[in-house]
Structure formats: C-alpha cells, structure tokens
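Below are the chains, spelled out letter by letter.
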Amino acid sequence: MASIMLEGIVKRFGKTVALRGVNLEVRDGEAMVLLGPSGCGKTTTLRIVAGLERPDEGRVVFGGRDVTNLPPKDRNVAMVFQSYALWPHMRVFDNIAFPLKIRKVESSEVRRRVRWAAELLEIEHLLDRYPHQLSGGQQQRVAVARAIVTEPEVLLMDEPLSNLDAILRVKMRSEIKKLQRRLGVTMVYVTHDQVEAMVIGDRVAVMNYGEVQQVGSPQEIYNEPANTFVATFIGSPQMNIVKGVISGGLLSLLGTQIEGVEGVEGEVLVGFRPERIVIGDGDLKFPAIVDFVEDLGSDVIVHLSVEGAGELVIAKLRGAHASLKPGEKVLAGVMRSDIHIFDPKTGRALKHGV
Amino acid sequence: MRVPSWAGELARYAFLSLLVAWVLVPLAIATIYAFTPLEVYYSDAILPNSLTAEHLRTLWVLGAGEAFVRSVFVGVLTVFLSFLIGLPGGYALSRYVFPGRDAIKLGIIATRMFPIIVISVSLLKTFFALGLNDTLIGLALAHTAMALPFVVLITGSIFGGIPRDVEEAGLVFGLSSIGVFLRVTLPLAAPGLAAAGLFTFLLSWNEVFMASVLTLTNRTLPAFILVSAFATPTEPIRFAAAFLMILPALLFMLFARRYLVTMWAMAAR
Amino acid sequence: MGSILYRISGNPTAKALILLSPTIIYLAVFIAYPIVDSFRIAFMSEDGTITLESLDFLLSSPLSEFWDALRYTFLLAALVVPVETALALVAVIVLFKRFRGRDAVVYILAIPLALSDVAAGLIWYAMLTGKGFLNKLLIDLGLIDTPIQFFGYANKELTLLAIFLAEVWRSSAIVFIILFAGAQLINKEVLEAAEVFGASFYVRLRHILIPMLKPSLQAALIIRTLFAFQVFAVVWILAGRDIPVLAGEAYYSITELHRYDVAAVYAIIIAVISALLGLVYIRLFRETLRR
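Residues numbered from 1 in each chain as written. Chains lettered and ligands numbered in written order. Predicted model: local features only at pLDDT ≥ 70, side-chain atom pairs only at ≥ 80, totals over all residues. Heavy atoms only, no water.

### Section: the overall build of chain C
No. 1: Counting its regular elements, chain C contains 13 helices and zero strands.
No. 2: For chain C, the C-alpha radius of gyration of 24 Å lies well beyond 19 Å, the compact-globule estimate for 291 residues.
No. 3: Dimensions of chain C, computed from C-alpha atoms along their principal axes, come out at roughly 80 × 70 × 35 Å.
No. 4: Within chain C, the proportion of its 291 residues that are buried is 55%.
No. 5: Long-range pairs, those at least 24 residues apart, make up 69% of the contacts in chain C between residues at least 6 apart in sequence. (Helix = DSSP H or I, 4+ residues; strand = E, 2+ residues; numbered from the N terminus. Rg over C-alpha atoms; globule rule 2.2 N^0.38 Å. Buried < 20%, exposed > 50% of the residue type's maximum accessible area, 1.4 Å probe, protein only. Contact = heavy atoms within 4.5 Å.)

This is the structure:
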C-alpha cells in the first residue's frame, strides 16, 4: 500500500489548461474521492495518477517514490474504467487473470487469485463467458475483480457506476466501499455524484476549474465549505446565498438584522442551507411570502420571496408543511450556527456559524 | 390508384433476379467454357454435356503454373511490405491527434488518385538503372506503392474501431505500449486486418499494367495472360486463363464476406 | 531508457510522425518522385536540354493515335459512368429494406469488384465472341442465322458496345458498394417518419433517400470517373488498338515503340486529368471531414 502525493500538477491540452496546479495528498489506505462538475479536471487528475497522462509540471509521488516519469506498468496501480474496458477477445477468467499473467504469476496461483477475486464479487458463475455476454452490472463486477486481483498499491476508479441503473448504483457503491475497507487499499475515486462521493470517500476533494477547491471529510465539506463553489455544489437543493452587510458586529440581510457577528466588516455573502430553515423559529427570522411549493412526500421544497429585499430563498421543510399555499405569509428562521459568511469578491469562507 | 403490394414485391424480386443473373451468367459461362471440350465449343451447342481440364493443362504447359506462383509471391510480398510500412502509420492516424494530421491524411488520399500507369514509366527507368527490371521484387515494390495508401487508411479505420480505454486498461495492468499493441490491439484488429490483407493481395494479384511493362521473362499471371495466353487462337484456353484469375477473388469473397461492404466502401475512398 | 520512451510517448506529435514516416518516405520515393520524374523523361533529352519531340510524336506521328485515344477514353467514361451509376442507385433503392436473402444479393452484386479487368475482358469475350454464349443462344432460338461479329477492325461500334457492357458489368459493383454503404448509414426512422406523415414512395425517394445519399453519390461518381480514365485491360483484350485509349497507348509506347518519353507524356496527361478530378474529390472529402 502507498500514499499518493500530487505536487503542483499542471496539465495543458493544446491551449486549454486542464489542471492549474493541483496539490493533493491521499493517505495510505484512504478512500479519496475527486468530486466536481464535468470538465473540472478530476478525470485528468486520475489519469495522471495512473500514468496515462503526463503532467506538464509537478510531481507524482507514491509512498516516497517519485513516479512522475514512470509508465503505468511500473506504478503498481489498477483501475476501473468508466466503460469498464474489458478486453472483448478474452473470457471473464482471462480478463481477470491477464494482469497476473503479465506479472508472470505461476498458473496455480493465478487460478487461486482469480477465484478469490471472483468470489469476492460473486461472479464465479460467469468466468467462462465473454464480456459481451454480460449485463452492465456484471461487466462492472468483472472490471472491479480485475482491478483488485493483483492487490495493487493504488486502486483507481473513474466514474465506475455512471453506466449502471439507479438501484444497482446504490447497491454497488456500498459494496465498493466495503471492499476498499476490507482490502485496505489506497483508492482514488472519481465521480460527479455528491451522494456517491459522501458514501465512498473517507475524504473528498472537491474540484473546479482545474483546481482543488477543498479537501476534507464529507462532514467538513458539508458543514464548513471553503468557498461559495463548494457550498453550492454540495447539498441539494443548493445552499441559499444572499447579500448582506456587517457593520460593528451587526449583520443586516433580508430586511432583518442579527447582532454579535464579530471579526468581519463590510459587504459579505451570507449562506444557509435550505434544510436548516425552520418556520417560526430560529436566531435570525425574516418574513417571506410563499411563491411555490414542491411536495416530495417526506419533504417539501418551498420557494420563498423575501419582501423588500428582492431575494429568493429556498427552504426544505418537513412534509408537515405541505399545507403551505402560494401567497401565504410566513416567518422563516435560521439558527446562528447554520449561517456561513463568505467574501463577496473571492467567494472564500470567512466564518462558519455567527 | 394504389399498386397492390404483392405486385410491388413481384417487381422487386424480378428486378433483383435480373441483376443477379447479369452478374452471375457471364461468370458462369466463362467458367463453363474454360472446361468445355474443343469440339463442343466449336459446335452450336450452348452448353457442354461433359467437362475437360485439358485447356487448364495446356495453359500450364504454356507457363501459367509459374506465372501463378509468381503472382502469389508478388502478392504476398506486397502485403508484407505494405503492412510493414503502412500499419504503424494507420495506427498513428487512428490514435493521435496532432497538428497536420488532416493534411497528412489528405496527402495520403491524394496519392491514391494517381493510377499506377502514372508512376510506371519512371519506375521502369529507375528499375533498369538498378537492375530491378524483370524482377518480382521490383514489381512488389511498385505494387506496394499502389497498395500503401489503402493499407494506411483501412488499418487506420480498423484501429479506430478499437476503444482507446481497452488499450489503456492494458497499460494500467502492466503492459508496455508495445505489449499493449501486440497483446490487446492486434488480437482485436486481427479479423479486420486479415480481410484488409486479402484485399491488398487482390490489388496486387489483379494489377496488369505495371506487371506487363516491368516483367518480360518473369511474367505474373495477368501479364502472362495479356501477352501470351491471349495470343493463342484456341479460345477456351483464354477462358481457362480467366478462370485462374477469378479463383482467388472468389475465395476472397468467401472469407471476407463479413467485411465486404464496409471495407470496399473504404477501399474506394 | 524506459522513462525516455515514456517521455516521447507523452508527445503525440513526435510519436505519430515517427510511426508515419515510413509511409511518407515510401510514398515520396515511389509516387511523388516518379510523377516529377515523368516530366524529365517526357521533356528532357539525353544531353539535358529541353525538348518537345515527344509531344511532336504524340500529335503528328502516323504511329500515334493520340486524338482517337483521348476521344474514346472520354466517350467510354461518358457512356459507362452514368449508366452504371443509375443501375447501382436503382439496386440500392430496391435493396434498401431488409428482406430474406438480401445479404446474398449484395454479395453477388459485389463479386465483380474482386475481379481483375483482365478477367472481366475475357469473361465478356466468352459471352460475345462468334462461338460465344450470346451468338449460340440467338442462333439456337432462331433469331439469327450467322453469328454477330462483335470484334474486328470492321466492327468498331459493336466492339465499343462489348467494351461498354464489360465495363458496366465490372465496375457497377464499386458504385453499388459505395452507395450501399452510404445507405446503411441513413437512419431508417427518418424514412419511417416520412411514411407516418403520409409521404408517397416517390416523395420519400425524391426528397429524402436520394438527398441523403448525395455525399455517397458524389464520392462514387468521382471515383468511377477517375478509374474510367485508367481503362486499359478490358479494352486491350476486347479491341487491342482498334479502339485506342490513353492507358493503352502508354502501354503500346513502352512495349512496342520503346518510346518512354511518349509513354511519360501519356502518364502526365492521365495524371493531370486525375489530379483535376482528385481536387474536386478532396474538396468534397474535406466537407465530409468537417461534418
């Protein structure tokens, strides 16, 4: 097993800059998820770890060993591709066995290891088939089996669940998590699905514009987003961000005020999550009119317009509030601890909880 | 008034039968006449009631056997040379995006429009100077020039049909670039490459102009037929020669059936 | 060492050029140079001075059939290409819908593509000669008493007809295959949609199928026209020099006259015609590339 260090990775494709100085440490045995919208550089980062792309600048270090200039085969990595990339001309057994055969593992040992991996992924009965004879979910399991059979130092996964249907995806993501725990392998997992990221990642690196925006545990990312991008990218519906002004510890926003906000002065952006809004309670209360109600059964998404302030706020409330009608006046509230303050120019978080 | 659908169907099958007959009847007639005894051929009987291999034997005595073997040799050498030279280029065109790629591709396509006649005069003089005239190697070199653009473009499209990440999986799981090419790419491309190889063989096998002007004593089959076999007054012997020419083409049709439409549409471009 | 190779592998341009260089060099030596060299052979005498003697021979020698060759080459192209294009188009339309045995029909129609022009010439000789299939059949049916003579200097029109038939027979296949491959790419739903909206067969054909086949039609036409100017063995076998064509004259200049300079002029003429057609084709190809 090995830790992974990425130091100042820059990657350009022609004129476009895919990565603008990525720094990231993945600890030994950790599951690190790279999360971000498409085009954010997460897959490029993964491919650089694999050695499939070469960085223009920066270093890739595996457990103290500089592998920047090593081809993939000398890195002891394994990968599950988005398309699975099973070799169509080989049976399932040979697909799983091939990485071992390349390493010249003795044939009885090959059989033992293939059986071990196949049992782990419950695909023993498929070993004689060709990839095109398998369903998407089965192909996915074969791809994972092939990736773990060599007991690699580093296991890489590039959106491995994106081609599965919703039910299978939920099942597989917890299986992958369990598998990673059990093997204790260092894993880098790329996804654009935040729920997947939260379930699988010990830590999550949120990426955008070819940079790592924040690295942290799912709780840290959710509770203490480093900037407005992370704040709005994580959570659904996305965090409300409204304009506010702080003057002498007095924060004014949404036509109301709250005292005792220390350490920041001037214009700010104020964020609070829809699911943290309560009706008729909270440290910060503001009157609003119900615009629109989306009844999801367990929850209700309520669109509120704040009088005078010209701001729209979205609240995620308990199902009990489904009786709210458009045009109805409510008093919405948020707790102090749920309020985030951001710098309006840089978007950087200044305070979590006021 | 609507034409009843059965009438449309009937018209379609009638037309298709005519088309099929138009292609097959001349082929069958030439083949049958190649095996028709002379006295029957020169009678008024349309079709023979017995067949003979005597024309083929006569042709053999005239030198068709050696010519056949030479044609096979030149064809195989052409396939070998054009794949040796062109395969890496086809791979590069299918796998790498680089400045000038389209220009190079267009340049290769452009060379395809010049028939072998255009290069034959100059090559003939050069080969005289180098002592390559009347040699099978010289002819194979010329045929390679003719086949190379086709080989580059067709192998490019065959490799292009193999997903990139299947190769990348090979890299990640421990193969070198060359290892990936040999153990992943090549096995996947093999059926297509085999069909392309057969087609390249046919290009050489069928080429007559260069073969006739370049070789004198070492004539390949089409050159032999054009110059020698056609000089014989006995007509069925000529048809036997046609039969010899047709044979590998029909075998090719049988083997490459699956790739026929895609490959030939490509070959034509 | 491994890391040096890996560094090169990071540069796709370098790698691509290394892999393409054998092809580029070979084509330069064996196609580009000979084309340029043809001009030297055609217009330069032994002592290195420019001469137009070859051109003079071509235009005014009694041994030269240049104008007839040019005329017949164009005439054959003008006769053969439209007829076989129409024939292939009809075949593609009839074969557009899947039915039992369609694949077999497609294979059979494609057979002539694998055959050499030498074989095609001989096959039609077997069909049309005095003791050939057609004459025997017509006599047997009592339609004629003496065989129709297709060949010989006195029967130029019928010889031309024989060449026409053999060429259409041989090369319709290439047009057919290009069009058929193009038709395979057409989304069947587009036609079905038109059918749903009540378009008649003719309207579907005229306004949907044929316009969508246009790129393939253009490609097929250009390629066939290119090949038509190379016509050689079919003519040589069926007519010898009774019907002279450009490539045949080049062949005759080399093998009988040993006038390489004259042959080079023919080569240049064919190359120029090919290049002009090729330019048209490359423009079309660029457009499809862009799309």
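The structure having been displayed, the exposition proceeds.
### So, the interface of chain B and chain A
No. 1: Contact with chain B, which involves 15 residues of that partner, is made by 22 residues of chain A.
No. 2: It is B:Val172, B:Phe173 and B:Arg183 that lose the most area in chain B upon contact with chain A, and together they represent 43% of the buried surface on that side.
No. 3: The interface formed by chain B and chain A includes one salt bridge.
No. 4: Here B:Glu168 makes a salt bridge to A:Arg47, at a shortest N to O gap of 2.5 Å.
No. 5: Secondary-structure elements contributing two or more residues to the side of chain B that touches chain A are α7 (164-172) and α8 (177-206) of chain B. (Buried area = accessible area lost by both parts, 1.4 Å probe. Salt bridge = Lys/Arg side-chain N within 4 Å of Asp/Glu carboxyl O.)

### Let's talk about the interface of chain C and chain B
No. 1: Residue-level contacts link 92 residues of chain C with 89 residues of chain B.
No. 2: Taken over both partners, the interface formed by chain C and chain B buries close to 8200 Å², and the fraction arising from carbon and sulfur atoms is 81%.
No. 3: Looking only at chain C, the three residues that lose the most surface to chain B are C:Tyr26, C:Lys131 and C:Lys136, adding up to 8% of its buried area.
No. 4: For the interface between chain C and chain B, the tally reads one salt bridge.
No. 5: For B:Asp44, the salt bridge identified is with C:Lys131, shortest N-O distance 3.4 Å.
No. 6: The tally of links between chain C and chain B comes to 17 residue pairs in polar contact (both at pLDDT 80 or more).
No. 7: The element that contributes the greatest number of residues to the side of chain C that touches chain B is helix α2 (residues 12-43) of chain C, accounting for 20 residues.
No. 8: Residues belonging to the side of chain C that touches chain B are distributed by class as follows: 72 nonpolar, eleven polar and nine charged. (Polar contact = N/O pair within 3.5 Å; in protein donor to acceptor, adjacent residues only side chain to side chain. Nonpolar A, V, L, I, M, F, W, Y, C, P; charged D, E, K, R; others polar.)

### Notes on the pairing of strand β2 (residues 16-26) of chain A
As a general feature of sheets, a regular strand has side chains that alternate between the two faces.
No. 1: Of the strand pairs in this sheet, strand β1 (residues 4-13) of chain A and β2(A) are connected by eight bridges, and their pairing is antiparallel. Bridge pairing links A:Leu6 to A:Leu24 in β2(A). (Pairing = 2+ DSSP bridges.)

### Some remarks on helix α3 (residues 107-120) of chain A
Residues and elements named next belong to chain A.
No. 1: A rise of 1.5 Å per residue sets the reference length of α3, with its 14 residues, at 20 Å; its end C-alpha atoms lie 20 Å apart and thus fit the reference within 8%.
No. 2: The set of residues buried in α3 consists of Val110, Arg113, Val114, Ala117, Ala118 and Leu120. Each buried residue of α3 lies within a common arc of 160° when the element is viewed along its axis, so the set occupies one face.
No. 3: Tucked into the core, α3 has its buried residues touching α2 (92-102), α4 (136-148) and α5 (166-183).
No. 4: Phi for Glu122, located one or two positions after α3, is positive at around 55°. (Expected span 1.5 Å × (residues − 1). Arc of directions from axis to C-beta.)

### A look at the pattern of salt bridges
Residue and element names in this part refer to chain C.
No. 1: Enumeration according to the criterion identifies 31 salt bridges over all chains in this entry.
No. 2: Note that Asp37 is salt-bridged to Arg40, the shortest N-O span being 2.9 Å. With a gap of three residues between them, Asp37 and Arg40 both fall in helix α2, about one helical turn apart.
No. 3: Arg40 gets classed as partly exposed once you look at its relative accessible area, which sits at 43%.
No. 4: A network of salt bridges, in which partner residues are shared, links Glu84, Glu167, Arg170 and Arg224.

### Focus on the environment of A:Glu224
Residue and element names in this part refer to chain A.
No. 1: The residue Glu224 is located in the loop between α7 (218-223) and α8 (228-233) in this model.
No. 2: Judged by relative accessible area, Glu224 falls into the partly exposed class, the value being 44%.
No. 3: For Glu224 and Ile258, which are 34 residues apart along the polypeptide, the C-alpha to C-alpha distance reads 21 Å.
No. 4: If we skip the residues at most four places from it in the chain, Glu224 touches Gln214, Gln219 and His352.

### Considerations on a nonpolar patch on the surface
All names here are of chain B.
No. 1: Residues Leu198, Leu247, Leu251, Leu254 and Phe255 make up a contiguous nonpolar surface patch of roughly 490 Å² in combined accessible area.
No. 2: In terms of residues, the nonpolar patch owes the most to one element, helix α11 (residues 235-255), which gives four residues.
No. 3: Relative to the helices and strands, Leu198 resides in helix α8. (Patch = residues over 30% accessible without salt bridge, like charges linked within 9 Å, V, L, I, M, F, W, Y side chains within 5 Å. Areas by Shrake-Rupley, 256 points an atom, 1.4 Å probe, with all protein chains shown as cover.)

### What about the nonpolar core?
The nonpolar side chains of a soluble globular protein tend to be buried, and buried together.
No. 1: Grouped together as the largest cluster of nonpolar side chains are 199 residues, with contacts concentrated most on B:Leu221, C:Leu95, C:Phe176, C:Phe232, C:Leu238 and C:Leu246.
No. 2: Per-element tally for this core: the top contributor is helix α8 (residues 156-185) of chain C, with 16 residues.
No. 3: Taken domain by domain, the makeup of this core includes at least three residues from each of domain 1 (1-51) and domain 2 (52-290) of chain C.
No. 4: In contact with C:Leu246, other than residues within four places in its own chain, are C:Phe66, C:Ala69, C:Leu70, C:Thr73, C:Tyr266, C:Ile269, C:Ile270 and C:Ile273.
No. 5: Among the nonpolar cores identified, the runner-up in size contains 88 residues, and A:Met172, A:Ile221, A:Tyr222 and A:Phe233 belong to it. (Core = buried A, V, L, I, M, F, W, Y, C linked by side-chain atoms within 4.5 Å. Domains from an automatic or database assignment.)

### Observations concerning the domain arrangement of chain C
All names here are of chain C.
No. 1: For chain C, the assigned domains read domain 1 (1-51) and domain 2 (52-290).
No. 2: With centres defined by C-alpha atoms, the gap from domain 1 to domain 2 works out at 33 Å.
No. 3: Domain 1 puts six residues into the contact, and the matching count from domain 2 is nine residues.
No. 4: For the domain 1 and domain 2 pair, buried surface summed over both sides reaches about 650 Å², with 76% attributable to carbon and sulfur atoms.
No. 5: On the surface where domain 1 and domain 2 come into contact, there are zero salt bridges.

### Side note on the sheet that holds β1(A)
Within a sheet, adjacent strands bond to each other through the backbone by hydrogen bonds, running parallel or antiparallel.
Residues and elements named next belong to chain A.
No. 1: One open sheet holds the four strands; their spatial order is β2-β1-β4-β5, and the pairing between them is antiparallel. Only two strands of the sheet have a single partner each, and these edge strands are β2 and β5 (65-66).
No. 2: By the bridge criterion, two bridges tie strand β4 (residues 57-62) to β5 in an arrangement that is antiparallel. The residue bridging Phe62 from the neighbouring strand is Arg65, located in β5.
No. 3: Strand contacts of helix α1 (residues 42-50): β1, β2 and β4, with the helix running at about 115° to β1, the strand carrying the most contacts. (Axes fitted to C-alpha atoms, helices over the stretch in contact; angles between N-to-C directions.)

### Things to note about the side chain of A:Asn208
All names here are of chain A.
No. 1: Of note, Asn208 is situated in strand β9 (residues 203-208).
No. 2: Taking the relative accessible area as the measure of exposure, Asn208 reaches 7% and is therefore buried.
No. 3: Apart from residues lying up to four places away in sequence, Asn208 is in contact with Pro37, Cys40, Gln213 and Phe229.

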